[in-house]
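These are the residues of each chain, in order.
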Amino acid sequence: MEPLYLTTPIYYANGEPHLGHTYTTVVVDLLARFWRARGRRVFTVTGTDEHGDKNARAAAAAGVSPKEWVDRISAEFRSTWDAAGLRYDHFVRTTDEYHVAFVRRVLAAIHEKGDIYFGSYRGLYCFGCERFYQERELVDGVCPDHRVAPTEIAEENYFFRMSAYQERLAALLDERPDLITPEGYRREVLALLREPIGDLCISRPKSRLDWGITLPFDERYVTYVWFDALLSYVSALEHHGLRDVYWPAAHHLIAKDILKPHAVYWPTMLMAAGLPIYRRLCVHGYWQMQTGKMSKSVGNVVRPLEMKSRYGMDAFRYYLLRDMAFGQDAEFSEAALVTRLNADLANGLGNLASRVLRMQQSYFQGTVQPRAPEPVDEALRAAFVTARRELEANVEDLAFHRALEALWRALDHANKYVTDTAPFTLAKDPARRPRVGAILHELCETLRVTAQLVEPFLPETALRLAAMLALPPEKLRDLDLPWGHGFAEGHRTAPPEPLFPRVEAVPE
Ligand code: MSP
């Protein structure tokens, strides 16, 4: 299997981490866990994008220097991901020296080659997006994302000769139909390429903004945001001496807001720098709020650690992964989160685990009994074989909601199996005790396989299930351990603890 390099966008250091950032970071965490469990070498990167107007303005508003400000915000992103159990192998800060040096090296090389030139420019700039807009990209004269009229800017600047690579980019999209996924976003990019893409303004005179990376060939100018941020995907690997292992095996995870920079600027920059193009761009939709765009002033910012303290991180992850179809927009609703938590987690999975382990405890003091498979048992096993196949195929397609649906179909089957085989009734007849033990053995296997399959989605739950089953970590990790081999003779499971307490009240 090819090694896998997974990236989130590096987030602007102009505000705190929220739901949107969390979703992409959860998806990367999930994919990393999923592929590592299947033996693939994985490296993950997230971080903060610290230069540019946006961050400098936020610092000024807070009355501190830009560096003090980005130190504070990047630390907040880091500690949030750590507290949320979202792992990464490297955290990028675009103000780090190694990165600054890398950007200057690449700029010098592209300049040397003649693909960066000096010119004057008049254009419509959106500070929210930190890029110029072409007239036809605006909707009713405003930026479609930030809904504000762009500022007209005229100044002398450096430009990247992006237009020189337009044909090669179009050819690349034809050659590699899986470069941008889902398909809808690939079509959007193909449409962009039907018009001239123009050249990219990559600098700012220091007289107007000096919070950036000084150009190696002109001290009076800085570069910032796109030419700076996109290169962090490669500088991070180089910093760890891993470029040969993981580039170009990159899968970039982003939302649709930054499609053009990733699908047009980035590949043409790589072409100019003589680097191979990333493997895949995975684009998801937007979480919409019922009350409009998420913002502090509206008071509708969803903070990941607040969700964690209210419902637990796994319940929040489950909701995010189950209620958004990757690629499409979804509406965030805490009421919907609570419904999922109660129905799928407390009732579906939690209830199954506590029923099984309680019976296992009260009938056999936890000791796992011998199996004696009957056709119903075989059907239960088969349901989980199917669930694994479907879950894996769906994760490979980034259809996380379908992957969870597949596993929950098997869990429904398991809950029905408990009702149909009725071990609690059989247990009243001492002669049927061996059958009760055998049924519970099948159900312990069910919980073991569930813990394994659910781990990338709900890592804490997987560990708690494994602890209740008293399974050593190597058994939890062994995905190919056949059904019936999870528990040696005499193995004792632990008494159950509630996995997901029901939530009764939904906050307004
Ligand atoms: N700094 C640039 C990215 C540079 S990458 C080389 C940037 N930063 S950002 O802070 O605005 O982050 C944008 C990303 O945050 C989106 O692409 C997405 O990953 C995530 N989200 C922010 N808000 C979102 C939603 N409401 N819904 C889903 N994800 C969104 O752009």
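Because the structure is a prediction, the values reported are computed rather than measured. (Residues numbered from 1 in each chain as written. Predicted model: local features only at pLDDT ≥ 70, side-chain atom pairs only at ≥ 80, totals over all residues. Heavy atoms only, no water.)

Asks: Can you tell me about the sheet that holds strand S13 (residues 280-284), naming the residues and giving the values?
Replies: What the six strands build is an open sheet, ordered S3-S2-S1-S12-S13-S7; its pairing is parallel. Each having just a single partner strand, strand S3 (90-93) and strand S7 (180-181) make up the two edges of the open sheet. Bridge analysis of strand S12 (residues 250-255) against S13 gives five bridges, and the strand direction is parallel. Looking across to S13, one finds that His251 is bridged to Arg280. (Pairing = 2+ DSSP bridges. Helix = DSSP H or I, 4+ residues; strand = E, 2+ residues; numbered from the N terminus.)

Asks: Residue-level account of the environment of Arg57, with values.
Replies: Following the sequence through the fold, Arg57 ends up in helix H2 (residues 53-62). Take Arg57: its relative accessible area is 48%, and that puts it in the partly exposed class. Separated by 289 residues in the primary sequence, Arg57 and Ala346 have C-alpha atoms spaced 45 Å apart. (Buried < 20%, exposed > 50% of the residue type's maximum accessible area, 1.4 Å probe, protein only.)

Asks: Go over unusual backbone geometry with me, naming the residues and quoting the values.
Replies: A cis amide bond links Thr181 to the next residue, Pro182, at an omega of -5°. Relative to the elements of secondary structure, Pro182 occurs in the loop between S7 and helix H6 (183-192). Geometrically, the link from Trp247 to Pro248 is a cis peptide bond, its omega value of 15° lying close to zero. Although it is not a glycine, Arg147 sits at a positive phi angle of roughly 55°. Here Arg147 shows up in the loop between strand S5 (131-133) and strand S6 (151-160). For Arg147, a relative accessible area of 66% translates into the label exposed. One non-glycine residue, Gln365, lies in positive phi territory at about 50°. Within the secondary structure layout, Gln365 lies in the loop between helix H13 (334-364) and helix H14 (375-396).

Asks: Before we move on, can you summarise the site of the ligand with the specific residues and values?
Replies: Near the ligand lie 21 residues; those nearest to it are Ile10, Thr24, Asp49, Asp257 and Trp287. One of the backbone N or O atoms of Ile10 is found 2.8 Å from a nitrogen atom in the ligand. Within the backbone of Trp287, one N or O atom sits 2.9 Å away from a nitrogen atom of the ligand. Protein contacts shield 94% of the accessible area of the ligand, which totals 670 Å² for the unbound molecule. Top contributing element to the shell around the ligand by residue count: strand S1 (residues 4-12), with four residues. (Near = heavy atom within 4 Å. Polar contact = N/O pair within 3.5 Å; in protein donor to acceptor, adjacent residues only side chain to side chain. Areas by Shrake-Rupley, 256 points an atom, 1.4 Å probe, with all protein chains shown as cover.)

Asks: Can you lay out the pairing of S13 for me, pointing to particular residues and giving the numbers?
Replies: Across the five residues that make up S13, a large majority, four, are buried. Note that the unit made of S12, helix H10 (residues 259-273) and S13 has a crossover that is right-handed. (Right-handed = clockwise from strand over helix to strand, strands pointing away.)

Asks: Break down the sheet that holds strand S9 (residues 204-205) for me, with residues and values.
Replies: Spatial ordering of the open sheet is given by S9-S11-S10, a layout of three strands whose pairing is antiparallel. In this open sheet, the two edge strands, each paired with only one partner strand, are S9 and strand S10 (213-215). Where S10 and strand S11 (residues 218-223) come together, three bridges link them in antiparallel fashion. The residue bridging Leu215 from the neighbouring strand is Asp218, located in S11. The sheet contacts of helix H4 (residues 97-112) involve S10 and S11, and relative to S10 the element is tilted by about 25°. (Contact = heavy atoms within 4.5 Å. Axes fitted to C-alpha atoms, helices over the stretch in contact; angles between N-to-C directions.)

Asks: Before we move on, can you summarise empty space enclosed by the protein with the specific residues and values?
Replies: Empty pockets left among the atoms are what a rolling probe the size of a water molecule brings to light. Enumeration over the complete set of coordinates arrives at one cavity of 30 Å³ or more. What lines the largest cavity is simply Thr8, Thr25, Val28, Thr44, Val45, Thr46, Leu86, Arg87 and Tyr88. Of all elements in the fold, only helix H1 (19-37) and strand S2 (42-49) reach the threshold of two or more residues within the lining of the largest cavity. In terms of residue count, S2 provides more of the lining of the largest cavity than any other element does, three residues in total. Of the residues that constitute the lining of the largest cavity, the class distribution is four nonpolar, four polar and one charged. (1 Å grid on protein atoms, 1.4 Å probe; cavity = no way out; pocket = protein on both sides within 12 Å on 5 of 7 lines; lining within 4 Å. Points joined across faces, edges and corners; volume = space filled by probe spheres on them. Nonpolar A, V, L, I, M, F, W, Y, C, P; charged D, E, K, R; others polar.)

Asks: I'd like a description of the pattern of salt bridges, backed by residues and values.
Replies: One side chain can pair with another of opposite charge once the charged atoms of both are near each other. Applying the stated rule across the entire model yields 43 salt bridges. Across the pair Arg36 and Asp89 runs a salt bridge, and its minimum N-O distance is 2.8 Å. In this pair, Arg36 is assigned in helix H1 and Asp89 in the loop between helix H3 (66-83) and S3, connecting sequence segments 53 residues apart. In this structure, Glu390 engages Arg409 in a salt bridge whose closest nitrogen and oxygen atoms are separated by 2.9 Å. Of this pair, Glu390 sits in helix H14 while Arg409 sits in helix H15 (residues 400-421), placing them 19 residues apart in sequence. Under the relative-accessibility criterion, Glu390 is labelled partly exposed at 28%. Look at Arg409 and you get partly exposed, because its relative accessible area is 46%. Sharing partners across several salt bridges, the network here consists of Glu16, Arg303, Glu306, Arg310 and Glu334. (Salt bridge = Lys/Arg side-chain N within 4 Å of Asp/Glu carboxyl O.)

Asks: Go over helix H18 (residues 459-468), please, and point to the residues and values.
Replies: Listed as buried for H18 are Pro459, Thr461, Ala462, Leu465, Ala466 and Met468. The inward-facing, buried residues of H18 contact H1, helix H12 (313-323), H13, helix H17 (433-454) and helix H19 (473-477). A positive phi of about 55° marks Ala470, the residue just after H18.

Asks: If you had to explain the layout of surface pockets to someone new, which residues and values would you point to?
Replies: In this model, the second largest pocket occupies a volume close to 450 Å³. Every residue lining the second largest pocket is counted, 19 residues in all, and those nearest its centre are Arg33, Arg87, Glu455, Leu476 and Arg477. At the level of elements, H1, H12, H18 and H19 are the ones that each hand at least two residues to the lining of the second largest pocket. A class-by-class count of the residues in the lining of the second largest pocket yields nine nonpolar, two polar and eight charged.

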